[in-house]
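Residues per chain are reported as follows:
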Amino acid sequence: MQPILEIDQLEAGVQGKQILKGISLKIYPGEMHAIMGPNGSGKSTLASILAGRDGYEIIRGRVLYQGRNLLELSPEDRAREGVFLAFQYPVEIPGVNSAYFLKAALNEVRKYRGMPELDAIEFLALVKEKIKLLDLDEELLKRPVNVGFSGGEKKRNEVLQMAVLEPRLAVLDETDSGLDIDALKIVANGVNCLRKPDNAQLVITHYQRLLDHIVPDKVHVLVDGRIVMSAGKELALELESKGYDWIVREAKRVN
Amino acid sequence: MSANVPNIDQLVRSEYKYGFVSEIDTDSLPPGINEEVIREISARKGEPQFLLEWRLKAYRHWTTLKEPHWAKAVYPPIDYQAISYYAAPRSKARYSSMDEVDPELLKTFEKLGIPLSERARLAGVAVDAVMDSVSVATTFQKELEQYGIIFCSFSEAVRNHPDLVEKYLGSVVPYTDNFFASLNSAVFSDGSFCYIPKGVRCPMELSTYFRINAAKTGQFERTLIVADEGSRVSYLEGCTAPIRDENQLHAAVVELVALEGAEIKYSTVQNWYPGDREGRGGIYNFVTKRGVCKGRRSKISWTQVETGSAITWKYPSCVLLGEESVGEFYSVAVTNNRQQADTGTKMIHIGRNTRSTIVSKGISAGEGQNSYRGLVVMKKSAANARNFSQCDSLLIGDRCGAHTFPWIQVMNPTATVEHEATTSKIGEDQIFYCNQRGISRQDAVNMIVNGFCKEVFRELPMEFAVEAQKLLSVTLEGSVG
Ligand SMILES: Nc1ncnc2c1ncn2[C@@H]1O[C@H](COP(=O)(O)OP(=O)(O)OP(=O)(O)O)[C@@H](O)[C@H]1O
Ligand SMILES: [Mg+2]
């Protein structure tokens, strides 16, 4: 079976500083992987590179998405091809209505795939369905994108967008941070509902508690730009109790 | 990185769509200005004595004035003797029907999206089409006559309604008002005239479409709108010009008079040729627009979308004389490449309980410079008058500039003035966020800009709001930084 995402020996940096130092990873359809790791280890950098943010230099390696070279696609085409990033810090876009924004996004994706665009009524019906999943107030859709949203609302809004856009590969960058216990359950439930046999998810998190609700097939530990350990979900528990130090030492010993 | 994010310079390639020149035989005066030229203009138009005298007074006054340079705009001195002050398509002075109009002229306006012939004219919009110095045609005149509405070229009004012209000409913008208004008063060629009788609600949009075609000429048109008691009118002007390397001067005057209970809504979609990316060519748009709310409960509302011109210098204003009268100013001004705009409004509150609202949205891209300049005056007599002003600036890229110069004078302690201002920038992170959701860079910018201008677009007549949005996106094409 062809992986949805295949990262091979990826080295990358920003402004002359190398951040990713050789990352390899394969995610198959139906799988969910988690990435954990200390602050500054390069998790968001990896997510940004997958989504195509400008300003990163690829030093070595390759990234295949459904067998195609992902890095040569523009950010919008990656999105249209089904790559979705739930941002660690979703930006505010004043003046742009949330519903309008999401409808535009969905129709771009649909157009790209040769599907008919949805009109306002069809879109509203769809989004009302999805919004229930996230237990969000419909009123948020009438407000400008993320403007004045609470931290938790922003994160849930990211998952709402994901639910509407139905990506093939979703990268969630600390979507659990800043959520209260109830919101965490709601988001986790939302993400679980979006898990399908033909899509894949990559969840970046610092906390075991998220992984109580969404069970990853694999947990990778990223330290200083390298995946130093990959294992099943038990690894998350171990990290929670022991921290990262031991794993760093372990990694050094092995290398 | 390897992803092909288009860079700014590749993107800034927006074409000015209206830059063509029409092959029309033009009758023009040689360049230069003096009393002889003014007499000649007046004679060619067969004007009554009062008008010639008024022109001459304006000219003599103008010679005592200096070109103003307080605006935040930089340009080389204008040689007023190098400009031709009269250019007219050389054909019959008046047409008894549209069929007599030079087909090339009709074609020009058709190309601009303004069909004039009986068959094709725009539904629900009466159009006065002005090319260079003269009005070419006015549609729907007969239909409007049934309501007693006069809508015609200024020259026609001088011939057919000299009393109205004499009464109101210069009553809002006197010929002594300022350098460019004086010049206009001396040499103005044509423009639109509109009178709405008592109690009549004008059943359709009135509009004037201005087109500069001839080279090395200035355009000096004059518009006068009088709304009699209890009447209502919505008026729209649009303008374009060919692409030329030299700068051309456009110095217009617009006067609005609203009597008791009358309402005038004046909208502008200004798209004069802005010059090229290096700042070569383009129109100097130096315009004086003012309305007076003469009667109680009258209302004047200015809405402008300024996307064109190399330099824009205009401050559509309201003199709120009548008690409880209302003045409004809604503006979107865009400067891209080397464009400079210094625009805003004046709200002069004289009557009691007068109200005014100012909403100004400035968008700067490329190396554009955008200034809001506003004056709110509460005279001693303006008890309980209120003003609310909101000036927002949006920057696209790092090389442009936005400036705000709000002036407030309050001479009555019961008057209230509120002013809010914001400056924001379209950030790379906002664009990337949109990209990540499948929305292209250009669409992201359009979306953000349209959101920013929403409050102003809402004020435009429906069919023009859509036009304005499109125009804005063309103006900003590729201006992402
Ligand atoms: N534009 C940039 N310029 C310079 N350094 C950068 C830039 N972007 C990221 N870095 C650096 O790269 C390293 C990795 O950052 P990254 O955001 O990927 O970490 P992270 O693993 O997501 O951390 P956290 O858990 O805190 O979110 C950090 O040291 C960061 O300071
Ligand atoms: Mg991070």
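All of the points below concern the structure found in this document.

What counts as what
Residues numbered from 1 in each chain as written. Chains lettered and ligands numbered in written order. Predicted model: local features only at pLDDT ≥ 70, side-chain atom pairs only at ≥ 80, totals over all residues. Heavy atoms only, no water. Helix = DSSP H or I, 4+ residues; strand = E, 2+ residues; numbered from the N terminus. Rg over C-alpha atoms; globule rule 2.2 N^0.38 Å. Buried < 20%, exposed > 50% of the residue type's maximum accessible area, 1.4 Å probe, protein only. Contact = heavy atoms within 4.5 Å. Lys, Arg positive; Asp, Glu negative; His and termini not counted. Charge placed at Lys NZ, Arg CZ, Asp CG, Glu CD. Pairing = 2+ DSSP bridges. Axes fitted to C-alpha atoms, helices over the stretch in contact; angles between N-to-C directions. Donors = N, O, S within 2.8 Å, 3.2 Å for Na, K, Ca; no water. Expected span 1.5 Å × (residues − 1). Arc of directions from axis to C-beta. Polar contact = N/O pair within 3.5 Å; in protein donor to acceptor, adjacent residues only side chain to side chain. Disulfide = S-S within 2.5 Å. Near = heavy atom within 4 Å. Areas by Shrake-Rupley, 256 points an atom, 1.4 Å probe, with all protein chains shown as cover. Nonpolar A, V, L, I, M, F, W, Y, C, P; charged D, E, K, R; others polar. Core = buried A, V, L, I, M, F, W, Y, C linked by side-chain atoms within 4.5 Å. Phe/Tyr/Trp six-rings, centres within 6.5 Å; stacked < 30°, edge-to-face > 60°. Lys NZ or Arg CZ within 6 Å of the ring centre and 35° of its normal. Parallel < 35°, antiparallel > 145°, perpendicular 65-115°, else oblique. Left-handed = near helix turned anticlockwise from the far one by under 90°. Buried area = accessible area lost by both parts, 1.4 Å probe. Salt bridge = Lys/Arg side-chain N within 4 Å of Asp/Glu carboxyl O.

Remarks on the overall build of chain A
Moving on, step 1. When helices and strands are tallied, chain A shows nine helices and 12 strands.
Moving on, step 2. In terms of C-alpha radius of gyration, chain A reaches 18 Å, essentially the compact-globule figure of 18 Å for 255 residues.
Moving on, step 3. Each of the three principal axes of chain A carries a C-alpha extent, and together these read 60 × 40 × 35 Å.
Moving on, step 4. Out of the 255 residues in chain A, the part that is buried amounts to 53%.
Moving on, step 5. Sequence-distant contacts, at least 24 apart, represent 69% of the contacts inside chain A between residues at least 6 apart.
Moving on, step 6. Positive and negative charge centroids in chain A, built from 34 and 37 side chains respectively, lie 3 Å apart.

A few points about the sheet that holds strand β10 (residues 200-204) of chain A
Residue and element names in this part refer to chain A.
Moving on, step 1. The six strands lie next to each other as β6-β9-β10-β3-β11-β12, forming an open sheet whose pairing is mixed. Looking at the sheet topology across the chains shown, the edges are occupied by β6 (83-86) and β12 (226-231). Within the sheet, the average angular offset between the axes of one strand and its neighbour, ignoring direction, is 20°.
Moving on, step 2. Pairing analysis gives five bridges linking strand β9 (residues 169-173) to β10, with the strands arranged parallel. Bridging across to β10, A170 finds its partner in Q201.
Moving on, step 3. Helix-sheet contacts for helix α1 (residues 43-51) involve β3 (32-36), β6, β9, β10 and β11 (218-223), and the interaxial angle to β9 is about 145°.
Moving on, step 4. Across the sheet, helix α5 (residues 151-165) touches β6, β9 and β10, and the angle it forms with β6 is around 165°.

Points about the coordination of the magnesium ion (ligand 2)
All names here are of chain A.
Moving on, step 1. Distances from the magnesium ion (ligand 2) to its protein donors, S44 (OG) and Q88 (OE1), fall at 2.0 to 2.2 Å. With S44 in helix α1 and Q88 in the loop between β6 and β7 (93-97), this residue pair connects regions lying 44 residues apart in the sequence.
Moving on, step 2. Take S44: its relative accessible area is 27%, and that puts it in the partly exposed class.
Moving on, step 3. The class for Q88 is buried, based on a relative accessible area of 16%.

Side note on helix α4 (residues 120-134) of chain A
Residues and elements named next belong to chain A.
Moving on, step 1. With 15 residues, α4 should cover 21 Å at 1.5 Å per step; its first-to-last C-alpha distance of 21 Å lies within 8% of that length.
Moving on, step 2. Looking at α4, one finds that the buried residues are F123, V127, K130, I131 and L134. On an axial view of α4, the arc spanned by its buried residues comes to 105°, and they lie on one face. Facing away from the buried side of α4, by more than 90 degrees, are the exposed residues I121, A125, E129 and K132.
Moving on, step 3. Against α3 (98-112), α5 and α6 (181-193) lie the buried residues of α4.
Moving on, step 4. One side-chain oxygen at the N-terminal end of α4 lies 3.1 Å from the backbone nitrogen of I121; it belongs to D119.
Moving on, step 5. Residue D135 follows α4 closely and has a positive phi angle near 50°.

Looking at the state of the cysteines
Here, the word disulfide means a covalent bond between the sulfur atoms of two cysteines.
Residue and element names in this part refer to chain B.
Moving on, step 1. Applying the stated rule across the entire model yields zero disulfides over all chains.
Moving on, step 2. Here C318 is not cross-linked by a disulfide; its sulfur's nearest cysteine counterpart is in C293, at 5.7 Å.
Moving on, step 3. Exposure remark for C318: the relative accessible area of 0% places this residue in the buried category.

Here we look at the site of ligand 1
Residues and elements named next belong to chain A.
Moving on, step 1. Close to ligand 1 lie 15 residues, the nearest being G40, K43, S44, T45 and H206.
Moving on, step 2. The side chain of K43 places a nitrogen or oxygen atom 2.8 Å from an oxygen atom of ligand 1.
Moving on, step 3. Interatomic distance of 3.2 Å between a side-chain N/O atom of Q88 and an oxygen atom of ligand 1.
Moving on, step 4. Protein burial of ligand 1: of its 640 Å² of free accessible surface, 65% is covered by the chains.
Moving on, step 5. Contributing elements (two or more residues each) for the shell around ligand 1: β2 (17-27) and α1.
Moving on, step 6. Element by element, the count of residues in the shell around ligand 1 is highest for α1, at three residues.
Moving on, step 7. Per-class residue counts for the shell around ligand 1 are three nonpolar, nine polar and three charged.

A closer look at the nonpolar core
Moving on, step 1. Membership of the largest hydrophobic core comes to 101 residues, with the highest contact counts inside it found for I7, L50, I93 and F101 of chain A together with I363 and V449 of chain B.
Moving on, step 2. With nine residues, the single largest contributor to this core is helix α10 (residues 441-457) of chain B.

Focus on the packing of aromatic side chains
All names here are of chain B.
Moving on, step 1. Evaluated as defined, the whole model comprises 23 aromatic pairs over all chains.
Moving on, step 2. Each ring, one from F286 and one from W313, has its centre 6.3 Å from the other, and the planes form 70°; the classification is edge-to-face. Placement of the pair is F286 in strand β13 (residues 282-293) and W313 in strand β15 (residues 311-314), with a sequence separation of 27 residues.
Moving on, step 3. F286 gets classed as buried once you look at its relative accessible area, which sits at 1%.
Moving on, step 4. Given the relative accessible area of 7%, W313 is considered buried.
Moving on, step 5. Aromatic ring contacts, followed pair by pair, group Y59, W62, W70, Y75, Y80, F179, F180, Y284, F286, W313 and Y315 into a single cluster.
Moving on, step 6. When the ring centre of F188 is taken as origin, the NZ or CZ atom of R55, which lies over that ring, is 4.2 Å away.
Moving on, step 7. Here the guanidinium or amino end of K361 rests over the ring plane of F452, the centre of that ring lying 5.0 Å away.

Some thoughts on the environment of I35 of chain A
Residue and element names in this part refer to chain A.
Moving on, step 1. Mapping I35 onto the fold places it in strand β3.
Moving on, step 2. Judged by relative accessible area, which is 3%, I35 ranks as buried.
Moving on, step 3. Distance in space between the C-alpha atoms of I35 and G55 is 23 Å, their sequence separation being 20 residues.
Moving on, step 4. Setting aside anything within four residues of it in sequence, one finds I35 in contact with L25, K43, L46, L202, V203, I204, T205, H220 and L222.

A word on unusual backbone geometry
Moving on, step 1. Positive phi, close to 50°, is recorded for D135 of chain A, a residue that is not glycine.
Moving on, step 2. If you trace the backbone, D135 of chain A turns up in the loop between α4 and β8 (144-145).
Moving on, step 3. Classification of D135 of chain A as exposed rests on a relative accessible area of 52%.
Moving on, step 4. One non-glycine residue, N353 of chain B, adopts positive backbone phi at about 55°.
Moving on, step 5. Checked against the element boundaries, N353 of chain B lands in the loop between β18 (340-349) and β19 (355-364).
Moving on, step 6. On the basis of relative accessible area, N353 of chain B is assigned to the partly exposed category, the value being 31%.

A closer look at the pairing of β12 of chain A
All names here are of chain A.
Moving on, step 1. Judged from the five bridges that link them, β11 and β12 form a sheet pairing that is antiparallel. Note that in β12 the partner of V219 across the bridge is A231.
Moving on, step 2. Hairpin connection, β11 to β12: the antiparallel pair is bridged by two residues, and D224 has positive phi, about 45°.

Observations regarding the packing of α4 of chain A against α5 of chain A
Residues and elements named next belong to chain A.
Moving on, step 1. Two elements in contact, α4 and α5, have axes separated by 9 Å at closest approach and are oriented at 130°. Looking at the two axes, α4 sits oblique to α5. Pair α4 / α5 crosses with right-handed handedness. Of the residues in α5, those in contact with F123, L126, V127, K130, I131, L133 and L134 of α4 are R156, V159, L160, A163 and V164.
Moving on, step 2. Across the contact of α4 with α5, the residue classes break down as 10 nonpolar, no polar and two charged.

Some details on the interface of chain B and chain A
Moving on, step 1. Every contact between the two is made by 22 residues of chain B and, on the other side, 40 residues of chain A.
Moving on, step 2. When the two sides are added together, the surface that chain B and chain A hide from each other amounts to roughly 2,500 Å², 63% of it contributed by carbon and sulfur.
Moving on, step 3. Put simply, chain B and chain A have one salt bridge between them.
Moving on, step 4. Between R437 of chain B and E158 of chain A there is a salt bridge, with the nearest N and O atoms lying 2.6 Å from each other.
Moving on, step 5. Connecting chain B to chain A are 11 residue pairs in polar contact (both at pLDDT 80 or more).
Moving on, step 6. Sorting the residues of the side of chain B that touches chain A by element identifies α9 (428-436) and α10 of chain B as the ones contributing at least two each.
Moving on, step 7. Per-element tally for the side of chain B that touches chain A: the top contributor is α9 of chain B, with seven residues.
Moving on, step 8. Each residue belonging to the side of chain B that touches chain A can be placed in one class, and the counts come to nine nonpolar, eight polar and five charged.

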